[in-house]
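# Structure assessment
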Amino acid sequence: MNNFGFYIMILGLILSLHSSLFFFLGQIKNKKVFIISAQKSFYLVILMVIISSFSLIYSFLTNDFANVYVANHSSLDMNRALTLVAFYSGNEGSLLYILLVHVILSGIMYKFAPNNIKNKLNFSCSILAVITSFYLFVMIFFANPFQISEFIPNDGKGINPLLRHPGMYIHPPLLMSGLASISIPFVLCQGSLFDNSNSNQWHTILRVWCLFSWAVLGTGLLIGAWWAYTILGWGGYWGWDPIENVGLMPWLVLTALIHSIMVEERRGIFRLWNIILISLTFVLALLGTFINRGGPVVSVHSFAASTLGFLFLIFMIVMTFYSVISIIYNYKNLTNNENKIESYLSREASLLLNNILLVVSSLIILWGVIFPVVSILFNDTEISVSAPYFDKTAGPIFLFIIILMGIGPILSWRKTTKKAVIIRLLPSIIITTLIGLYLYISGIKEFFPFVSFISIFFVMTIIIREWIGGTKSRMSNSYNPIPSFINMIVSNRGRNGGYVVHIAILALAFGVVGTKFYDERLDVNISVSEEIEFKGYSILFKETTQEFIGENSITKAHFEISKVSNPNKINNITAMHSYYPNYNQISVRSGISSTPVEDLYIIPKDFIDENNMTIRVAINPLAWWIWLSGPILILGTLITLWPNKMKRN
Amino acid sequence: MKLDLLLTMYGMIYVKKLKFISLFNIFILAILCSCILPVENSEKDLYIQLEKEIMCPVCDGQTLDQSQSLIAEDMKNTIKEKILQGYNKEEVKNYFIARYGESIIAYPKVEGFNIFAYLIPILGLIFSLLIFGFYIRKQKLG
């Protein structure tokens, strides 16, 4: 089965090289036959990649430890449900996974592209096939997931213990899919360069694919944060680790892009800017893959690290070079339009400012990621760049972006008078001032969190005001506000979906500010049936229990917590500590009791003996809102993406 | 940080000359604030601040508060001891720098070559905001 999978990959490589060459030749020589043949192999490659993926899954399911990859990433006692996790949990398998996502998305994009766009996509498909060939080439020659060893072990090494968490079914796959899917909007943009008709269909299809990548990547990042919060056991959710950063950077630029595409759709300007943005996103995604596969910076996410960094670096440089050339070559086409920005107080200007801030924040993060390397190269000193740096440099910019998020959408296209802006903002300004006074009185006096909270409420009231206004104007035909509200939302899906996503971002910001500035921690030794009090909670240590699963031992500590003010309402939480001898690794799962106000978070630090242990008790205010933002974000994206039947007819 | 301050002030004067709308100035002002005001929380426990600013030397890019390795736990205990002995924040940091080198601190210190770590983001932001201003002005006039 292993040889079979490998040969199928070779066949896939030949087919994808053929398809990339003939799409290209067909475009240049304008020969229909070439293109039809390229199309056939384009679709066949998908089949080949699917077959080899299944063959790897088959090896996992049959415990075929002759396969080196299977032996290193699974074991006999592994839960079969984890097979899919094991599939991508190492370098070779994750490459195959990324390729699988890439070819399937490419196929879907090409299959469902409108006909008049399809004709212009030959060149795009050629690039897609080049990417496919690159991944197949890397796997065939450098990182073969079907490598066979002479010596067949009796049992495999087992899956990495940190990956045994439900979040792991979704977080890495989504993140890898998100990064892989960015090539689709990139090639679509390249395709649109060949079409001078500037049809609106390009914008629609581009917007859909950008939103798709954006939502997948965003959800992946959020679920990663949730995983870190519940399993890594340090009380935080975002460590500004290089790998987290390289996922965040393309997401920020994509956020800029989905806003500026609207401007191109509406006014026909920003075309050049959009191409620059999508190329930047694509290059940043490749940079992410490069750093993940053995780049020069250290990271905790080392499960896919390898010595293949140089291949990805070369690929990234080639693609960067290509993007720059293609922008220069088409420069004239991209800049000729008659529309202009007419005022600072216009939607266009505010979106441009939003774009600039998002791109700058992304580049600042990039600078922080590479600065340790810069410092070694030019100053010969090793330094670390971690959370405190990013909090300080990128944090304030995010705050500006949030303020802009409130003001931007109420400005009209072309220009708005100052008076109109003030009238629309007045209710929000009044309410926010009152909220600000209340916050100040209740003790939130530090500058940064105070301003952040005020800005969040400010933007929220603006959105609510817009929605109330919209609902009211629809109330004339019915007296029930709920259908009017739904009617209002549906009437302009793009805009209102956007508002919903903005609310998600506000919830996220709310939680981040709360946890960042008002978290409390206490390290304490505690023994069985001892009760401690911390910030209005009383925590009773009931007992420890121990379980064995295979060779792995799991120690659980059980606590009863209650509010001092309300001692009758008792909440049971369990904190866990597992030891995996095969990996010589421990994994900690914290006990969490979560409410919208604050989370009580118990991290088991050290089990001294059966009756004594050291714990860290942390209070994370508003952390609940961070996890709320995930579903809202998905809901908002769905509202925006839901096909509009009215328009089609 | 004085250099950044001067540069930002220069940026502000420059912007004023162009009579940009006040919103733009507010942005620049806010940048100025963010450079001066320390983001870290001064009321918080010294120990908690320190463990977020010191790296774990063996755990690939994690700060002490993120790490559960034995050496990290040891270092956390050392911090507690040093605080009890009356060390202040800088002294504790210097204690660790003396043992593990500059890279034990989780951010580049604002001195020497490391100034670039902060200067480039600030200059980049000011520069891109100026380009934004110029671009829109040009569009308005043309």
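See the structure printed just above.
Procedures and definitions
- Residues numbered from 1 in each chain as written.
- Chains lettered and ligands numbered in written order.
- Predicted model: local features only at pLDDT ≥ 70, side-chain atom pairs only at ≥ 80, totals over all residues.
- Heavy atoms only, no water.
- Pairing = 2+ DSSP bridges.
- Helix = DSSP H or I, 4+ residues; strand = E, 2+ residues; numbered from the N terminus.
- Core = buried A, V, L, I, M, F, W, Y, C linked by side-chain atoms within 4.5 Å.
- Buried < 20%, exposed > 50% of the residue type's maximum accessible area, 1.4 Å probe, protein only.
- Contact = heavy atoms within 4.5 Å.
- Patch = residues over 30% accessible without salt bridge, like charges linked within 9 Å, V, L, I, M, F, W, Y side chains within 5 Å.
- Areas by Shrake-Rupley, 256 points an atom, 1.4 Å probe, with all protein chains shown as cover.
- Salt bridge = Lys/Arg side-chain N within 4 Å of Asp/Glu carboxyl O.
- Axes fitted to C-alpha atoms, helices over the stretch in contact; angles between N-to-C directions.
- Buried area = accessible area lost by both parts, 1.4 Å probe.
- Polar contact = N/O pair within 3.5 Å; in protein donor to acceptor, adjacent residues only side chain to side chain.
- Phe/Tyr/Trp six-rings, centres within 6.5 Å; stacked < 30°, edge-to-face > 60°.
- Parallel < 35°, antiparallel > 145°, perpendicular 65-115°, else oblique.
- Left-handed = near helix turned anticlockwise from the far one by under 90°.
- Expected span 1.5 Å × (residues − 1).

## Some points on the pairing of strand β6 (residues 585-589) of chain A
Residue and element names in this part refer to chain A. The sheet contact formed by strand β5 (residues 566-580) and β6 spans five bridges and is antiparallel. The residue of β6 that forms the bridge with M576 is R589. Connecting the antiparallel pair β5 and β6 is a turn made up of four residues, with N584 showing a positive phi of about 45°.

## As for the nonpolar core
Membership of the largest hydrophobic core comes to 209 residues, with the highest contact counts inside it found for L188(A), W214(A), F312(A), L357(A), I365(A) and I54(B). Apart from residues no more than four positions distant in its own chain, I365(A) is found in contact with W240(A), N245(A), L248(A), M249(A), L252(A), F390(A), A394(A) and F398(A). Listed in part, the 19 residues of the second largest apolar core include I526(A), A557(A), V617(A) and I619(A).

## Notes on a nonpolar patch on the surface
A cluster of nonpolar side chains, I422(A), L426(A), I429(A), I430(A), L434(A), L437(A) and I441(A), forms an exposed patch at the surface whose accessible area comes to about 700 Å². Position of L426(A) relative to the elements: it lies in helix α17 (residues 418-441).

## Quick word on the pattern of salt bridges
Side chains that carry opposite charge are capable of pairing whenever their charged atoms lie near each other. Going through the model one piece at a time under the given rule, you end up with 26 salt bridges over all chains. K89(B) is the salt-bridge partner of E53(B), the closest N and O atoms lying 3.4 Å from each other. Of this pair, E53(B) sits in helix α3 (residues 46-53) while K89(B) sits in helix α5 (residues 89-100); the two residues are 36 residues apart in sequence, bridging distant segments of the chain. Neither residue differs from the other here; E53(B) and K89(B) are each classed as buried. Salt bridges here are not isolated pairs; linked through shared partners, they connect D519(A), R521(A), D523(A), R616(A), E51(B), K52(B), D65(B) and K80(B).

## What to know about the environment of K419(A)
Structurally, the position occupied by K419(A) is in helix α17. In this structure, the C-alpha to C-alpha distance between K419(A) and I117(A), residues 302 residues apart in sequence, is 44 Å.

## A closer look at the sheet that holds strand β1 (residues 520-527) of chain A
Each strand in a sheet pairs with another by means of backbone hydrogen bonds, the pair being arranged parallel or else antiparallel. Residues and elements named next belong to chain A. The strand order across the open sheet formed by four strands is β1-β9-β8-β7, and the pairing between neighbours is antiparallel. The sheet terminates laterally at β1 and β7 (591-594), the two strands that pair on one side only. Here the strands of the sheet are splayed against their neighbours by 20° on average, with no regard to which way each runs.

## Describing the interface of chain A and chain B
By a frequent convention, interface size equals the accessible area lost on bringing the separate parts together. Counting residues at the interface gives 53 residues for chain A, matched by 55 residues for chain B. Both faces considered, chain A and chain B share a buried interface measuring about 4900 Å² in area, 67% of it formed by carbon and sulfur atoms. For the pair chain A and chain B, the interface holds six salt bridges. In this structure, K605(A) and E73(B) form a salt bridge, with 3.5 Å as the shortest nitrogen-oxygen distance. Applying the counting criterion to the chain A and chain B interface returns 14 residue pairs in polar contact (both at pLDDT 80 or more). Mapped by element, the contributors of at least two residues to the side of chain A that touches chain B are α15 (347-379), α16 (387-407), α20 (493-518), β1 and β6 of chain A. No other element matches α15(A), which puts 13 residues into the side of chain A that touches chain B.

## Focus: the side chain of E466(A)
With respect to the element layout, E466(A) can be found in helix α18 (residues 447-474). Apart from residues lying up to four places away in sequence, E466(A) is in contact with I410(A), R424(A), R495(A) and Y499(A).

## Here's the deal with the packing of aromatic side chains
Think of a pair of aromatic rings as described by two things: how far the centres are apart, and how the planes are tilted against each other in angle. Scanning the model with the defined rule gives 42 aromatic pairs over all chains in all. Between F23(A) and F42(A) the ring centres are 5.7 Å apart and the planes differ by 85°, which places this aromatic pair in the edge-to-face class. Residue F23(A) is found in helix α1 (residues 2-29), and its partner F42(A) is found in helix α2 (residues 32-61); the two are separated by 19 residues along the sequence. Each member of the pair, F23(A) as well as F42(A), carries the same accessibility label: buried. With centroids separated by 6.4 Å and ring planes inclined at 25°, the aromatic side chains of F96(B) and Y100(B) adopt a geometry described as stacked. Placement of the pair is F96(B) and Y100(B) together in helix α5, with a separation of four residues, close to one helical turn.

## Description of the environment of L633(A)
Residue and element names in this part refer to chain A. With respect to the secondary-structure elements, L633 resides in helix α21 (residues 623-641). Assessed through its relative accessible area of 5%, L633 is described here as buried. With 316 residues separating them in the primary sequence, L633 and I317 have C-alpha atoms 34 Å apart. Aside from chain neighbours lying at most four places away, what touches L633 is W214, V501, A504 and I505.

## Concerning the packing of helix α11 (residues 242-267) of chain A against α15(A)
All names here are of chain A. One can describe the packing of α11 onto α15 by two numbers: an axis separation of 9 Å at closest approach and a directional angle of 165°. In terms of orientation, α11 and α15 fall into the roughly antiparallel class. As α11 runs across α15, the sense of the crossing is left-handed.

## A look at unusual backbone geometry
Residues and elements named next belong to chain A. One non-glycine residue with positive phi stands out, namely N30, at about 55°. We classify N30 as exposed; its relative accessible area is 67%. Positioned with a positive phi, L622 is a non-glycine residue whose angle comes to about 65°.

## Re α2(A)
An ideal rise of 1.5 Å per residue puts 44 Å on 30 residues; α2(A) measures up with 44 Å between its terminal C-alpha atoms. Note on α2(A): the residue one or two positions beyond its end, N63(A), has a positive phi of about 50°.

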